[in-house]
Amino acid sequence: MSTASICLNHLFDEQRALEDYQGGMPRWCKGCGDNAILAAVQRLCRDEGLKPEKTVFVSGIGCSSRLPHYMRTYGFHGIHGRALPIAEGIKMARPDLHVFVNTGDGDCCSIGAAHWIHAIRYNMNITVLLHDNHIYGLTKKQASPTSPIGTKSNTTPRGSYLDALSPLTVTLGVQNVSFVAQAVDWIPESLFQIVTAAFRHRGFSFVRILQRCPEFVGNMFEPWVHDPQRMLMLTHENGIQVSPALQKIYRNQQAHDPSDIHRAREIASSEDPIPVGILYRNPQVPCYEDLRRAGMLRTAGSIKTSLEAEFDKFTVWP
Amino acid sequence: MGSRNAHKKVVTLEEHIVEIMSDSGEGAQKCGQSFGSIAARMGNGVWTVEIIPAEIQPPARSVAGASGNRIRIGSKRVTNGGDEADVVIAFNEQVLLGRVNAGELKPGCIILLESMWAASPDPKIVSQYKETLDRLKGDGYRVYEVPMENECRKLVSDPRKGKNMFVLGMLCNLYSLDMNLAREQIAFIFGKKSEKVIRSNVGLLEAGFDWAEHNLEFGYRVPAVRATEPQLVINGNTAIALGVLASGMDICAMYPITPATSASHYLSDVFERAGGIVHQAEDEIAACAFAIGSSYAGKVAVTITSGPGYSLKQEGIGLAVMAEIPLVVVNVQRGGPSTGQPTKAEQSDLFTAMFGSHGDAPKVVMATSSIEDCFYSMITARRIAETFNMVVIVLSDASLATAQQPFPRPQFSEDWLAPPIDQNPVPEGAKPYDWDPITGLSRRFAPGQPGGMHTLTGLAHDRSSRVAYDGETNDQGMHARSLKLAALQRMLAPPKAFGGGEGDLLVVGWGSTKGAIEESVERLRAEGHKVSSLHLNFLQPMPGGIKEILGRFKHVMTVEGNWSDRPDDPLIDDTNRRYSALAMLLRARYLVDVDCWTETRGRPISPGSICNELRKRLAREEFRR
């Protein structure tokens, strides 16, 4: 075979279809926004040509965290709140892997909140998708930290007492933040665009995805789903562009330079209209794994040399 | 150095215990460790113990602020800190009082006390000093007042920095140590500083030596045979850190906690140069999760902690057990529960180590029994974790963490190292949990291996790692995870009794108490008692052959550093007595009547206290039958 045909064959081998990334049959409820997120990441994997064996989806516990089971890549469905530190360990040990984290508003912003804050600061090259449906679904309807005040749930039958925590403003407030975006499950095209931009960013890419839970809070996003004018589409030559088809529906657009953190924080504070797009991006922030792994070379010889040098320090010679 | 004193009486001894006590920051630790190193070079058996205040900057001249070092030197190998001190050197009388009150000094022992306080401008200090001096003399201690400050001032302007080297010189004279070795030691510890600093400290050393030569009418010699092999002199935590390096592990994730942190401090310093990483996580849970992620995708990782941190890691440990991710967890035990006694020794985490995490979570539990064992245990732990895809808990404790003992310098072997990460394609049809029906073992697939894609989960799962909601599959997983312990147990060498193979009383121990227990056995056998001991390095699984050993003794008991109810308490009887951890385990597994004696006083259990207890028991009626 000629070199060219080997290359062509190779290229053919590397072409993968959506099915190559599809694992078990999703068991989310009918109409659940998680399905849209799954479709977006499967498309992302295909379009970016990710090798399934080099890709790991890490999750915690909750509806969102079932996602790895529905992928045909490596997956790590861990424990509640700890997806981020597990993903960090994976990335530190194996920077050659593509690491994604799927987490929910309870998983990330409540039980795993400490890890979330510190993961932003570590800025490891991981893509984090926050499936934010404003409610605990898997445990059957309890208020989450992102539930709007007054949300009626099984633990707040007279309405929740506190103002909702904003994942966007919190993330934008932490040192070393390098990528923050917001998407919604009901605009699949922009969801895909945003997830792709997040994946391509080298650093901790945080995408908050507003996701509908028809089972427990069916009306949560209804006003916005039905009124495209209450969506604020962020566009920029350095960000993402809204397609002509979408422009016709979502006329409320705003040019926003993702390098402007002050404006990003202002936009993040807006709950209505809901901003969609890249709020902030800074490719200059160093990644923790690069800082720590610089010159990391482990051979039997290097281990022996360092060990003997340490032994020398403490040896009492006869 | 000056002339020798022809009138000095030098007594030859088998062993002696010296304590050097000062305020925090006056260098007693460095003095004690140097003394230990010099003695080790001369071939003496040595065990040094740090005496550490809980506060960083305790007030000066306070009983609670005592900081120092205990050094036990002997003609033969020394395996523990021993009983009460024979000689104490104190930089002030208050730090000394702490040790007197704790009962750490032998009655009538020699005290060399800094005398500067008698001339203090503060009348309160003068009266405290005089009162204490009178009390100590009245109690029969042989107190020698030493003008350390004044003597040092002849050589340096700030005696606070350097008095410790003067004391080292005194000790070298007192114990007839080789001054050339002492000078080399000073050159070694001040190696990074200027020649001037080294010269100044050697001057103080020699001044101390000369002062003791001419002002103390006594001296000792602890004969030693110079070692023929190079020895390492390190503490338990350094040994753990070096063991991590030697095991070929790449990543250690930790969160600061006493008394484990010094292992990570040291590792942070050296690991990076060898291509490894110490990750200080945001909390203990994250440290555990980070290590699990690293182990899953790369080589086996380790997380190092102590009691409270160990509690926080439990859910993560359960995940690693369930998903069969290899992991090494080091727990340098301290006093508990809760914050307990952070700097003090205790062996209270055995049950937590074995049964911690909810559900049935079988894991391997090892305990280190000497400084040398701290080093090799890490290599063994890594290998077991990897071979069996299991969590291996290594229990050390505060008494090993800062104790130093020489042991033969290890000879590097490539077998110690972790194999490279397997990135080969997974054979067609192979499953991530292809549990062997006999051993429960399965081959782990690591990310990067083509064809091995699966989603690992903490949920019950089948052989393909698919979530299992049915009871049958859940049962299969439980079965396989449990069998692995039995498979490991079959590979463990049966332990041997120390002393004799049969007799009246067998003392069983685990972890750091090995040296003290075995020394007690030696002493009591020398008195004619038929006492032996058995020490367990593996607590889960326990090796085979133990039942046979227990059966050859009339009585069996454990000695442990954890709580057990006292049989003499009015409410305590056989129906409610809480036995110590190991005793409970032995009773349950071997159906043998195992008694126990335990101490939770925060200090290492001494051979003397074990002997006292055993003598009382051996004197009882049932032992004389």
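Because the structure is a prediction, the values reported are computed rather than measured. (Residues numbered from 1 in each chain as written. Chains lettered and ligands numbered in written order. Predicted model: local features only at pLDDT ≥ 70, side-chain atom pairs only at ≥ 80, totals over all residues. Heavy atoms only, no water.)

1. With respect to the overall build of chain B
For chain B, the helix and strand inventory stands at 21 helices and 22 strands. A compact globule built from 625 residues would reach a C-alpha radius of gyration of about 25 Å, and chain B, at 27 Å, matches this within 12%. Considering only C-alpha atoms, chain B reaches an extent of 85 × 65 × 50 Å along its principal axes. Burial status across chain B gives 62% buried among its 625 residues. At a minimum sequence separation of 6, the contacts of chain B that also span at least 24 residues come to 77%. Element-wise, carbon and sulfur atoms account for 51% of the exposed surface of chain B, whose accessible area totals about 24,500 Å². For chain B, the distance from the average site of its 67 positive side-chain charges to the average site of its 73 negative ones is 4 Å. (Helix = DSSP H or I, 4+ residues; strand = E, 2+ residues; numbered from the N terminus. Rg over C-alpha atoms; globule rule 2.2 N^0.38 Å. Buried < 20%, exposed > 50% of the residue type's maximum accessible area, 1.4 Å probe, protein only. Contact = heavy atoms within 4.5 Å. Areas by Shrake-Rupley, 256 points an atom, 1.4 Å probe, with all protein chains shown as cover. Lys, Arg positive; Asp, Glu negative; His and termini not counted. Charge placed at Lys NZ, Arg CZ, Asp CG, Glu CD.)

2. With respect to the overall build of chain A
Within chain A, the regular secondary structure consists of 12 helices and 12 strands. Against the 2.2 N^0.38 benchmark of 20 Å for 318 residues, chain A shows a C-alpha radius of gyration of 22 Å, consistent with a compact globule. Counting only residues that meet the buried cut, chain A has 55% of its 318 residues in that class. For chain A, the proportion of contacts with a sequence separation of at least 24, taken over those separated by at least 6, is 68%. Accessible surface, chain A: about 13,300 Å² in total, of which carbon and sulfur atoms supply 54%. Computing the positive centroid from 32 side-chain charges and the negative centroid from 30, chain A places the two 3 Å apart.

3. Looking at the nonpolar core
In this structure, V58(A), F76(A), I90(A) and L350(B) are the most contacted members of the largest nonpolar core, which totals 100 residues. For this core, the element with the most residues is helix 10 (residues 284–297) of chain B, which contributes nine residues. Ignoring anything within four residues of it in the chain, the contact list for F76(A) reads F57(A), V58(A), S59(A), P68(A), I86(A), I90(A), I292(B), Y296(B), L319(B), I325(B), T455(B) and L456(B). Counting 59 residues, the second-largest nonpolar core is a separate cluster that includes A241(B), V330(B), L400(B) and L417(B). (Core = buried A, V, L, I, M, F, W, Y, C linked by side-chain atoms within 4.5 Å.)

4. Side note on the interface of chain A and chain B
Each side of the interface is counted separately: chain A has 53 residues, and chain B has 75 residues. Counting the surface lost from both chain A and chain B, the interface buries some 5,300 Å², and carbon and sulfur atoms represent 63% of this. Along the contact surface separating chain A from chain B lie five salt bridges. Here R292(A) and E272(B) are joined by a salt bridge, their closest N and O atoms 3.0 Å apart. Counting the contacts that link chain A with chain B gives 30 residue pairs in polar contact (both at pLDDT 80 or more). Of all the elements in the fold, those that place two or more residues in the side of chain A that touches chain B are strand 2 (74–77), helix 3 (83–93), helix 5 (113–122), helix 11 (288–293), helix 12 (300–314) and strand 12 (315–316) of chain A. It is helix 12 of chain A that contributes the most residues to the side of chain A that touches chain B, 12 residues altogether. Classifying every residue of the side of chain A that touches chain B by side-chain character gives 25 nonpolar, 12 polar and 16 charged. Sheet topology places strand 12 of chain A next to strand 9 (residues 231–235) of chain B; two bridges connect them, and they run antiparallel. Bridge pairing in strand 9 of chain B links V316(A) to Q231(B). (Buried area = accessible area lost by both parts, 1.4 Å probe. Salt bridge = Lys/Arg side-chain N within 4 Å of Asp/Glu carboxyl O. Polar contact = N/O pair within 3.5 Å; in protein donor to acceptor, adjacent residues only side chain to side chain. Nonpolar A, V, L, I, M, F, W, Y, C, P; charged D, E, K, R; others polar. Pairing = 2+ DSSP bridges.)

5. Looking at the packing of helix 1 (residues 28–41) of chain B against helix 6 (residues 179–189) of chain B
Residue and element names in this part refer to chain B. Two numbers describe how helix 1 lies on helix 6: the axes approach to 10 Å, and their chain directions differ by 130 degrees. The angle between helix 1 and helix 6 places the two elements in the oblique class. Crossing hand, helix 1 versus helix 6: right-handed. Residues K30, S34, S37, I38 and R41 of helix 1 lie in contact with helix 6, whose contacting residues are L181, A182, E184, Q185 and I189. (Axes fitted to C-alpha atoms, helices over the stretch in contact; angles between N-to-C directions. Parallel < 35°, antiparallel > 145°, perpendicular 65-115°, else oblique. Left-handed = near helix turned anticlockwise from the far one by under 90°.)

6. Considering unusual backbone geometry
The omega torsion across G336(B) and P337(B) is 0 degrees, close enough to zero to call that bond cis. Along the polypeptide, P337(B) turns up in the loop between strand 13 (327–333) and helix 13 (350–355). Cis rather than trans, the peptide bond between Q540(B) and P541(B) has omega equal to 0 degrees. A positive phi angle is found at N123(A), which is not glycine, with a value near 50 degrees. Mapped onto the elements of the fold, N123(A) is located in the loop between helix 5 and strand 4 (126–132).

7. With respect to the environment of V87(B)
All names here are of chain B. Relative to the helices and strands, V87 resides in strand 5 (residues 85–90). Separated by 249 residues in the primary sequence, V87 and G336 place their C-alpha atoms 32 Å from one another. Apart from the residues within four sequence positions on either side, V87 is in contact with H16, I17, V18, E19, I110, L174, Y175 and Y220.

8. Details of the environment of I73(B)
Residue and element names in this part refer to chain B. You can see I73 is positioned in strand 4 (residues 67–74). With a relative accessible area of 1%, I73 lands in the buried category. Remark: the alpha-carbon pair of I73 and G36, spanning 37 residues in sequence, is separated by 7.6 Å. Beyond its immediate sequence surroundings of up to four residues, I73 is in contact with E14, E15, H16, F35, A39, G45, V46, V78, Y175 and V222.

9. Topic: the side chain of Q404(B)
Along the chain, Q404(B) turns up in strand 16 (residues 404–408). If we skip the residues at most four places from it in the chain, Q404(B) touches Q33(B), V46(B), W47(B), T48(B), V233(B), I234(B), N235(B) and I371(B).

10. Here's the deal with the packing of aromatic side chains
Counted according to the given criterion, the structure contains 19 aromatic pairs over all chains. Where F314(A) meets Y266(B), the ring centres are 5.9 Å apart and the plane angle is 65 degrees; that geometry is what we call edge-to-face. Taken as a pair, F314(A) in helix 12 and Y266(B) in helix 9 (residues 261–271) lie in two separate chains rather than in one. Here F314(A) falls in the partly exposed class, since its relative accessible area comes to 23%. Note on F375(B) and W416(B): the rings are 5.6 Å apart at their centroids and 75 degrees apart in plane angle, and the pair reads as edge-to-face. Pair noted here: F375(B) is in helix 14 (residues 371–388) and W416(B) is in the loop between strand 16 and strand 17 (455–457), with a separation of 41 residues, a long-range link. (Phe/Tyr/Trp six-rings, centres within 6.5 Å; stacked < 30°, edge-to-face > 60°.)

11. Remarks on the sheet that holds strand 13 of chain B
Residues and elements named next belong to chain B. Read from one edge to the other, the open sheet built from seven strands follows the order 11-10-12-13-15-14-20, with strand pairing classed as mixed. Each edge of the open sheet carries a strand with a single partner, namely strand 11 (277–280) and strand 20 (538–540). Neighbour-to-neighbour, the strand axes of the sheet open up by a mean angle of 20 degrees, direction not taken into account.

12. Observations regarding helix 12 (residues 314–323) of chain B
Residue and element names in this part refer to chain B. Of all 10 residues in helix 12, nine are buried, a share of seventy percent or more. Considered for burial, the residues of helix 12 that qualify are Q314, G316, I317, G318, L319, A320, V321, M322 and A323. Downstream of helix 12 by one or two residues, E324 has phi in the positive range, about 55 degrees.

13. Describing the sheet that holds strand 18 (residues 503–510) of chain B
Residue and element names in this part refer to chain B. One open sheet accounts for four strands, arranged 19-18-21-22; its pairing is parallel. Edge strands, defined here as strands with exactly one partner in the open sheet, are strand 19 (531–536) and strand 22 (594–598). Strand after strand, the sheet turns through a mean of 30 degrees between neighbouring axes, direction not considered. Sheet contacts for helix 19 (residues 581–590): strand 18, strand 19, strand 21 (553–560) and strand 22; angle to strand 21, the most-contacted strand, approximately 145 degrees.

14. Re helix 5 (residues 163–174) of chain B
Residue and element names in this part refer to chain B. A rise of 1.5 Å per residue sets the reference length of helix 5, with its 12 residues, at 16 Å; its end C-alpha atoms lie 16 Å apart and thus fit the reference within 8%. For helix 5, the tally of buried residues reaches 12 of 12 residues, placing the bulk of the element in the interior. Regarding helix 5, the residues found buried are K163, N164, M165, F166, V167, L168, G169, M170, L171, C172, N173 and L174. S176 sits one or two residues past helix 5 and shows a positive phi near 55 degrees. (Expected span 1.5 Å × (residues − 1).)

15. A word on the pattern of salt bridges
Proximity of charged atoms lets side chains of opposite charge pair with each other. Applying the stated criterion to the full structure yields 50 salt bridges over all chains. Here E310(A) makes a salt bridge to K313(A), at a shortest N to O gap of 3.0 Å. You can see E310(A) and its partner K313(A) sitting in helix 12, three residues apart, about one turn around the helix. When its relative accessible area of 2% is taken as the criterion, E310(A) is described as buried. Overlapping salt bridges, with partners in common, bring together E15(B), R72(B), D83(B), E519(B) and R523(B) in one network.

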